[in-house]
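# Chain and residue survey
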There are 2 protein chains.
Amino acid sequence: MNSSERYDAFLDITRQIHALELAAEFLSWDQQTGMPPKGAPARALQLSTVEGIRHAVLTGDELGEHLEALGNGVSLDGDAAVNVREMERLRRRALCIPNALVREISKVQSLAMEAWIRARSDSDFGAFAPWLGEMLDLKRQEADEVGYDECRYDALHDEYEPGSTARRLKVLFRTLRDELVPLVAELADSPAAAKRKGVVGDFAVDRQKAFAVNLLTTIGFDWDAGRVDVSAHPFCSGNLHDVRLTTRYDENDITRALFGLLHEGGHGLYEQGFDPAFEGTPRARAVSLGIHESQSRMWENLVGRSRPFWEFALPLLHEAFPFTSSVGLDDWYAAINRVERSMIRVEADEVTYNLHIILRFELEMELIEDRLSVADLPAAWNDRMKSFLGVVPANDAEGVLQDIHWAHGIFGYFPTYALGNLYASQFFHAARNDIPGMDEAIRKGNFAPLLGWLREKIHTRGRTLWPEDLVKDVTGEALNADYQLDYLKEKFRSLYGAG
Amino acid sequence: MNSSERYDAFLDITRQIHALELAAEFLSWDQQTGMPPKGAPARALQLSTVEGIRHAVLTGDELGEHLEALGNGVSLDGDAAVNVREMERLRRRALCIPNALVREISKVQSLAMEAWIRARSDSDFGAFAPWLGEMLDLKRQEADEVGYDECRYDALHDEYEPGSTARRLKVLFRTLRDELVPLVAELADSPAAAKRKGVVGDFAVDRQKAFAVNLLTTIGFDWDAGRVDVSAHPFCSGNLHDVRLTTRYDENDITRALFGLLHEGGHGLYEQGFDPAFEGTPRARAVSLGIHESQSRMWENLVGRSRPFWEFALPLLHEAFPFTSSVGLDDWYAAINRVERSMIRVEADEVTYNLHIILRFELEMELIEDRLSVADLPAAWNDRMKSFLGVVPANDAEGVLQDIHWAHGIFGYFPTYALGNLYASQFFHAARNDIPGMDEAIRKGNFAPLLGWLREKIHTRGRTLWPEDLVKDVTGEALNADYQLDYLKEKFRSLYGAG
């Protein structure tokens, strides 16, 4: 086998693994959007079978032989080297974790999820605590099997954000926290805050959908390569030529579905934006969850909650929902940018959102490092809510039990939400420097300059550069919290009359 | 490993194979109901990957060792013996066909399908002929690899109808043909025929759907274990707790969607009716395509186009579509039972339908046995249309190119459509004997007695008995054409005033 044949054989297996991942994604999409309720047990077996086979192919001898041969002296061009590096990374991690541990985690996941659903419904952390303890033990074992340089947390976090470390997160998040806690107090307690309110009314679901679809078309989403459906928890899945968005509708409030779809649509533009020449390989896949989130948060917030955007879009809203015509640009812009001391992460505004994430990062670090016991977690949660946001949950359901992640064994993932905000601000600042008249274009509903810039600088590059290097390459400096903080202060102080 | 552990290990693999089959079915369902158009190439790779892995597991050493051990002296109860027998049958067939031939057939399928689509659109058989020739060569090779006692055709037909042979089909179909050709002439040319016409009007799609869903609920379809969507070619897929029906709607004519959904719903009732204790094994799967079709044709025709059914359902139609109130039972019953010399199989009435099938059976037999050349096929098709149905297609598109089956390499499948009609009539006759007042129950919209009988006699038995034995067990005699012929003559002569 010569080197070109070897690489082709490697690509065949790589594409098979990717096809199995996508098959599982669509089976899961179907489960969340339209599967008949009685289909759940059979679907679980379909998913575990497909995922088990993916794992077997990823850790199998055939891929191993190709990777070894390709690593030994075969000269690869840049794109091929990216694919080999990334498949090696995936395989190394998969090989580190013994099958028995994978099965045990999977079993405890199911049971912990059931326990979490009941516990949240009863607002009873005690009923979930033993499962959280067991899951933490297993994830600590996983981290030890995978290995790490500085701390266990890194072994888990790295799966979602390659190259990122707790050390880096601590620095970034301390800066954020120190500045955001007083900013929240300043804004949420300002005299202007009490006057702001949302726009409620009769927003028929089919017209909400048509309005959001139209906006997504305008920003560049390709509906021949995507669709939108309803699910309890909004998400985006798929890749390149088939990207599925989901949302949920509130008949009295269009903002939930609208900003939800701008968010998922941002994820979708990233997925549709990879280089199709590399379809089915890491070269045409998302480099990290943080970068993915930077795209969704950018379109949702930096674009979607900006004044230029609504100079363009508000007349369309008035047309689609005539009763909103009495709401002018100032009022609408204020309504969609209310800052509130909130309990629930997924409903939080741009200013408080990062604090919700930092709280979770600090707690899950301490849990994984055994510096906080499961029994003490609810009190620690409530203490930190008090000091970060000045409010204390009335019960566990609106406090420590609100997120599904830990029940699912997902530790090290939360930080990527805040990283997404930081990346987004830093990218957006660079875009504005690179693109003359970007805001003016947005005011006219012309998103092509921004999308073109994102395509060139971020989307088409796939996994070529890891996040830290990508940020440096695109913006000329390392990731830092300044752009996010400057953006938040400028936007919200101006909005709240304190700028 | 003791025999019970051995059987459990065998079941694990069996359920995995089933899970992969269902995963592929749902991916295909999604492709036909809602997948964005650009997703097709990626979906093709997902399907071929999942199907390739299914084939590898089915033909792998692990299943082989279990089957050998279970076949050698391990005593199995009846249900376990069914599962072992059926998995052995599947595996034997899969092992007979060399991988190179499987891949070649798959490759030619794709190309032949594309050629067929273009050829049909241009009504140009010549453009499809080389692909049909190549496909026939490959299917002859497949038949020779699989082996047969009497004729090549049996090796292909057996995949769809275990135990059935061309010899048996010839006898059944000769009787049918000899009686149906004059019956079609008698009915279609009768003075009454010219007066019959369909009911057209404004049938809003959403109300059609609601009406059909309601009828399916009444006959016993479980919507917590199923759903209905739109596709270009209606089908039913899934199994037991998740059964998907599709249809298409004509806004001026409710009968297409209505009888289409009664047909697919009949398939669906069979799928929902297996014994859930055996989920994921052959014991809870359809025994043959002919038996499957007997269930769809029974609900579509023997029930759905019967007078007792519409005594119950016509008032509901009047209520849902008030403009139909002027159509009385006699007119409606006549409208949905028009006998016409038709060109297109999928639009054919109950009397002509079997002749469309027999024509295809005779031609594909002759093609496979090399007694008819591809070049002579269109003329043979037209000659036989003339002698069977008294009409000649104006072009290849409405003649020899109308069906997708041969382009897909499917030979030996068409007969199962006519077998379905024969099974259905013979079963329905037995049901009427076994169930006192069955027609009276149907008149009142009570389908529980019939469905209960089908569940007990057919559905819950899965693959326990092959079709020939199942028919004997349920009806007390071997399959024959008399019940179908008696049913057609009695129903249609009475309708056409010649009875």
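What counts and how
Residues numbered from 1 in each chain as written. Chains lettered and ligands numbered in written order. Predicted model: local features only at pLDDT ≥ 70, side-chain atom pairs only at ≥ 80, totals over all residues. Heavy atoms only, no water. Pairing = 2+ DSSP bridges. Helix = DSSP H or I, 4+ residues; strand = E, 2+ residues; numbered from the N terminus. Axes fitted to C-alpha atoms, helices over the stretch in contact; angles between N-to-C directions. pLDDT = per-residue confidence, 0-100. Salt bridge = Lys/Arg side-chain N within 4 Å of Asp/Glu carboxyl O. Buried < 20%, exposed > 50% of the residue type's maximum accessible area, 1.4 Å probe, protein only. Contact = heavy atoms within 4.5 Å. Phe/Tyr/Trp six-rings, centres within 6.5 Å; stacked < 30°, edge-to-face > 60°. Lys NZ or Arg CZ within 6 Å of the ring centre and 35° of its normal. Core = buried A, V, L, I, M, F, W, Y, C linked by side-chain atoms within 4.5 Å. Domains from an automatic or database assignment. Buried area = accessible area lost by both parts, 1.4 Å probe. Polar contact = N/O pair within 3.5 Å; in protein donor to acceptor, adjacent residues only side chain to side chain. Nonpolar A, V, L, I, M, F, W, Y, C, P; charged D, E, K, R; others polar.

What follows covers the sheet that holds strand β3 (residues 242-247) of chain B. All names here are of chain B. Pairing within the open sheet is mixed, and its three strands lie in the order β1-β3-β2. Of all strands in the sheet, those bounded by a partner on one side alone are β1 (226-230) and β2 (236-239). On average, each strand axis in the sheet is inclined to that of its neighbour by 15°, with strand direction left out of account. Note: β1 against β3, five bridges, orientation parallel. If you follow Val228 over to β3, its bridge partner there is Leu245.

To continue, consider the confidence of the model for chain A. Here chain A shows a mean pLDDT of 96. Residues at 70 or above account for 99%. Overall fold confidence (pTM) sits at 0.95, and the ipTM for the predicted complex is 0.94.

Before going further, it helps to examine the pattern of salt bridges. One pass over the structure, following the stated rule, counts 86 salt bridges over all chains. Residue B:Arg341 pairs with B:Asp189 through a salt bridge whose shortest N-O separation is 2.5 Å. Here B:Asp189 lies in the loop between α8 (166-188) and α9 (191-195) and B:Arg341 lies in the loop between α14 (329-335) and α15 (350-368), a separation of 152 residues in the sequence. The exposure class assigned to B:Arg341 is partly exposed, which follows from its relative accessible area of 30%. B:Arg432 is the salt-bridge partner of B:Asp439, the closest N and O atoms lying 2.8 Å from each other. Several salt bridges converge on common partners, so that one network encompasses A:Arg85, A:Glu86, A:Arg89, A:Asp158 and A:Arg463.

In this section: the side chain of A:Arg168. All names here are of chain A. Structurally, Arg168 is set in helix α8 (residues 166-188). Residue classification places Arg168 among the buried positions, given a relative accessible area of 17%. If we skip the residues at most four places from it in the chain, Arg168 touches Glu161, Leu419, Tyr423, Glu468 and Leu479.

Time to look at the packing of aromatic side chains. The geometry of two aromatic rings is summed up by the distance between their centres and the angle between their planes. Evaluated as defined, the whole model comprises 48 aromatic pairs over all chains. Aromatic pair B:Phe312 and B:Phe447: ring centres 5.8 Å apart, planes at 70°, arrangement edge-to-face. Of this pair, B:Phe312 sits in helix α13 (residues 307-320) while B:Phe447 sits in the loop between α18 (438-443) and α19 (448-457); the two residues are 135 residues apart in sequence, bridging distant segments of the chain. Exposure class is identical for B:Phe312 and B:Phe447. Each is buried. Following the ring pairs from residue to residue traces out a cluster consisting of A:Tyr160, A:Tyr353, A:Trp381, A:Trp406, A:Phe411, A:Tyr413, A:Phe414 and A:Tyr417. Above the ring of A:Phe259, the side-chain terminus of A:Arg305 is found at 4.0 Å from the ring centroid.

With 137 residues, the main nonpolar core has B:Phe309 and B:Phe427 as its most contacted residues. When residues of this core are assigned to their parent elements, the largest contribution, 11 residues, is made by α15(B). The contacts of B:Phe427, once residues within four sequence positions are left out, are B:Ile291, B:Ser294, B:Gln295, B:Met298, B:Trp453, B:Ile458, B:Leu470, B:Val471, B:Val474 and B:Thr475. Grouped together as the second largest cluster of nonpolar side chains are 136 residues, A:Ile291, A:Tyr333, A:Ile336 and A:Phe427 included.

Attention now goes to the domain arrangement of chain A. Residue and element names in this part refer to chain A. With domains assigned, chain A is organised as domain 1 (1-96) and domain 2 (111-499). Computed from C-alpha atoms alone, the centre-to-centre distance between domain 1 and domain 2 is 28 Å. Each partner contributes residues to the interface: domain 1 has 20 residues there, and domain 2 has 30 residues. Taken together, the two surfaces of domain 1 and domain 2 that pack against each other cover about 2,300 Å², and 54% of this comes from carbon and sulfur. Per-residue buried area on domain 1 facing domain 2 is highest for Trp29, Arg89 and Arg93; these three make up 29% of the total on that side. In this structure, the connection of domain 1 to domain 2 is made through seven salt bridges. A salt bridge links Glu86 to Arg463; the nearest nitrogen and oxygen atoms lie 4.0 Å apart. The interface formed by domain 1 and domain 2 includes 13 residue pairs in polar contact (both at pLDDT 80 or more).

Contacts between chain A and chain B engage 33 residues on the former and 33 residues on the latter. Between chain A and chain B, roughly 2,600 Å² of surface is buried when both sides are summed, and carbon and sulfur atoms account for 65% of that area. Ranking the residues of chain A by area buried against chain B places A:Pro36, A:Lys38 and A:Gln46 at the top, with a combined share of 20%. Where chain A packs against chain B, one counts six salt bridges. Between B:Asp242 and A:Arg43 there is a salt bridge whose closest N-O contact spans 3.9 Å. Of all the elements in the fold, those that place two or more residues in the side of chain A that touches chain B are α1 (3-33), α2 (40-58), β1 (226-230) and β3 (242-247) of chain A. No other element matches α1(A), which puts 10 residues into the side of chain A that touches chain B. Across the side of chain A that touches chain B, the residue classes break down as 16 nonpolar, seven polar and 10 charged.

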